[in-house]
Amino acid sequence: MLVNSLLLLVLIISSFLIFLINNTFILLGILLVVIILCLLFHVKLPIYLPLIIMITINFLLNYLFSNIDNAIIVSVRLITMFILVNLIIKIIGINNIGEIIGKIFHSRNLAIIISISMSFIPIMIKEISDIKKSLYTKNFPLNIKNVLTKGHLFVICFFTNLFKRVDEMEKVLIAKGMEE
């Protein structure tokens, strides 16, 4: 548990330091070290299309309103932090992050809230994918036009499935002995 606490502390401190460094070569060196650590610990990075689009837009806007050096620095910082967070989460584990923060603040409720919140992220990603497939089979492809004109269908499906998952998690927690 001490090692996990130290890793979380390293993540917090390194995130501040990475955003204070303005040298491109130092940032690229840190990025290389983080990539090597990912390879050593066999961390498979989830590559999300929205993340790639966000970093590309960020790079283009920084290049447009500033210069190429600032655009590269900001993009390398974002990529480095994405990889570093995935690396630390893989090593520590989602449930342990909640326990560590709960012990720091001496609150079991906070630990449970953080663990449930962190566990919900993959569930929500899977739910959105399932809803997208379900709506596509009902001849409702999820594109910008349909989201803007008939977005309520997507939202209703999402929240219906989300409440079912919350109910299932509540039953599991009650079965494990957690009180309301």
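The sections below set out a description of the structure shown in this document. Per-chain numbering applies: the sequence of each chain, read as written, is numbered from 1 onward. With the structure being a predicted model, the display of local features is reserved for residues of pLDDT at least 70 and the display and counting of side-chain atom pairs for 80 or more, all residues being used for whole-chain, interface and lining totals. Excluding hydrogens and water, the side-chain figures rest on all heavy atoms present in the structure.

To continue, consider the overall build of the chain. By the criteria applied, helices consist of DSSP H or I runs no shorter than four residues and strands consist of E runs no shorter than two, each listed in order from the N terminus. In terms of regular secondary structure, the chain is built from seven helices and zero strands. Its helices and strands in sequence order give the chain the pattern α-α-α-α-α-α-α, from N to C terminus. C-alpha atoms define the radius of gyration, and 2.2 Å times the number of residues to the power 0.38 defines the globule rule. Its C-alpha atoms give the chain a radius of gyration of 20 Å, more than 25% over the compact-globule value 16 Å for 180 residues. Projected onto the principal axes, the alpha-carbon positions of the chain cover approximately 50 × 50 × 30 Å. The buried label applies to any residue whose accessible area, calculated with a 1.4 Å probe on protein chains only, is under 20% of its type's maximum; exposed applies above 50%, and partly exposed to all values in between. For the chain, the residues scored as buried account for 26% of the 180 residues in total. A contact between two residues is defined here by any heavy atoms of the two lying within 4.5 Å. Taking all contacts inside the chain whose residues are at least 6 apart in sequence as the whole, residues at least 24 apart take part in 68%. None of His or the chain ends enter the tally, which takes Lys and Arg as positive and Asp and Glu as negative. Charge positions come from single atoms, namely NZ of Lys, CZ of Arg, CG of Asp or CD of Glu. A distance of 10 Å separates the average location of the 15 positive side-chain charges in the chain from that of its 9 negative side-chain charges.

Before going further, it helps to spend a moment on the packing of aromatic side chains. Pairs were defined over the aromatic rings of Phe, Tyr and Trp, the Trp ring being its six-membered one, requiring ring centres within 6.5 Å. Orientation was assigned from the angle between planes: stacked under 30 degrees, edge-to-face over 60, tilted for the rest. Taken as a whole, this structure holds one aromatic pair when the rule is applied. Ring plane angle 5 degrees and centroid distance 6.4 Å describe the contact between Phe 59 and Tyr 63, whose orientation is recorded as stacked. With Phe 59 and Tyr 63 both in helix α3 (residues 49–65), this residue pair falls four residues apart, about one helical turn. On the accessibility criterion, Tyr 63 (47% relative accessible area) is partly exposed.

Further remarks concern the environment of Ile 144. Structurally, Ile 144 is set in helix α7 (residues 144–175). A sequence separation of 128 residues divides Ile 144 from Phe 16, and the C-alpha atoms of the two residues are 37 Å apart.

For the rest of this paragraph, the subject is helix α4 (residues 68–92). Since the α-helix turns once every 3.6 residues, residues separated by three or four places project in the same direction. Taking 1.5 Å per residue as the helical rise, α4 with its 25 residues ought to reach 36 Å, and the 36 Å between its terminal C-alpha atoms agrees with that figure. Two N or O atoms form a polar contact when they lie within 3.5 Å of each other; inside protein one atom must be a possible hydrogen donor and the other a possible acceptor, and for residues adjacent in sequence the pair counts only when both atoms belong to side chains. Near the N-terminus of α4, the side chain that reaches the backbone nitrogen of Asp 69, with its oxygen 3.3 Å away, is that of Asn 67. Directly beyond the C-terminal end of α4, a positive phi value near 100 degrees is found at Gly 93. Multiplying 1.5 Å by the helix residue count minus one yields the expected span of that helix.

What follows deals with the side chain of Asn 86. With respect to the helices, strands and loops of the structure, Asn 86 is situated in helix α4. When residues no more than four places from it in sequence are discounted, the contact partners of Asn 86 are Val 43, Leu 45 and Pro 46.

Packed helix pairs are specified by the crossing angle of their axes together with the interaxial distance, meaning the distance between the axes. Note on geometry: axes are lines fitted to C-alpha atoms, helical ones only across the stretch in contact, with angles between N-to-C directions running from 0 to 180 degrees. Their axes nearest at 10 Å, the elements helix α1 (residues 2–18) and α4 cross at an angle of 175 degrees. On the basis of their axis angle, the class for α1 and α4 is roughly antiparallel. Residue-level contacts link Asn 4, Leu 7, Leu 8, Leu 11, Ser 14, Ser 15 and Ile 18 of α1 to Arg 77, Thr 80, Met 81, Leu 84, Val 85, Ile 88, Ile 91 and Ile 92 of α4. Partitioning the contact of α1 with α4 into residue classes produces 10 nonpolar, four polar and one charged. Each angle gets one of four labels, with under 35 degrees taken as roughly parallel, over 145 as roughly antiparallel, 65 to 115 as roughly perpendicular, and the rest as oblique. Side-chain classes are defined by residue name, with Ala, Val, Leu, Ile, Met, Phe, Trp, Tyr, Cys and Pro counting as nonpolar, Asp, Glu, Lys and Arg as charged, and the others, Gly among them, as polar.

Now for helix α6 (residues 108–137). Look at α6: 43 Å from first C-alpha to last across 30 residues, which is about the 44 Å you get at 1.5 Å a residue. Axes are fitted to the seven residues ending at a residue and to the seven starting at it; the angle between these axes is taken as the bend at that residue. At Ile 121, α6 shows its largest kink, close to 30 degrees, and the proline Pro 122 lies no more than four residues downstream. All of the buried residues in α6 are Ala 111, Ile 112, Ile 114, Ser 115, Phe 120, Glu 127, Ile 131 and Leu 135. At the N-terminal end of α6, a side-chain oxygen is found 3.1 Å from the backbone nitrogen of Leu 110, two or three residues along, and the residue is Ser 107. Phi turns positive, to about 65 degrees, at Asn 139, one or two residues after α6.

A separate point is the nonpolar core. For the purposes of this section, nonpolar cores are sets of buried Ala, Val, Leu, Ile, Met, Phe, Trp, Tyr and Cys residues that join through side-chain atoms within 4.5 Å. Counting residues in hydrophobic clusters, the biggest one holds 22 residues, and the most contacted among them are Leu 11, Ile 83, Leu 84 and Ile 92. Secondary structure elements with two or more residues in this core: α1, α2 (24–40), α3, α4 and α5 (94–104). If one sorts the elements of this core by residue count, α4 sits on top with nine residues. Setting aside residues no more than four positions away along its own chain, Ile 92 makes contact with Asn 4, Leu 7, Leu 8, Ile 97 and Ile 100. Counting seven residues, the second-largest nonpolar core is a separate cluster that includes Phe 120, Leu 135, Phe 158 and Leu 162.

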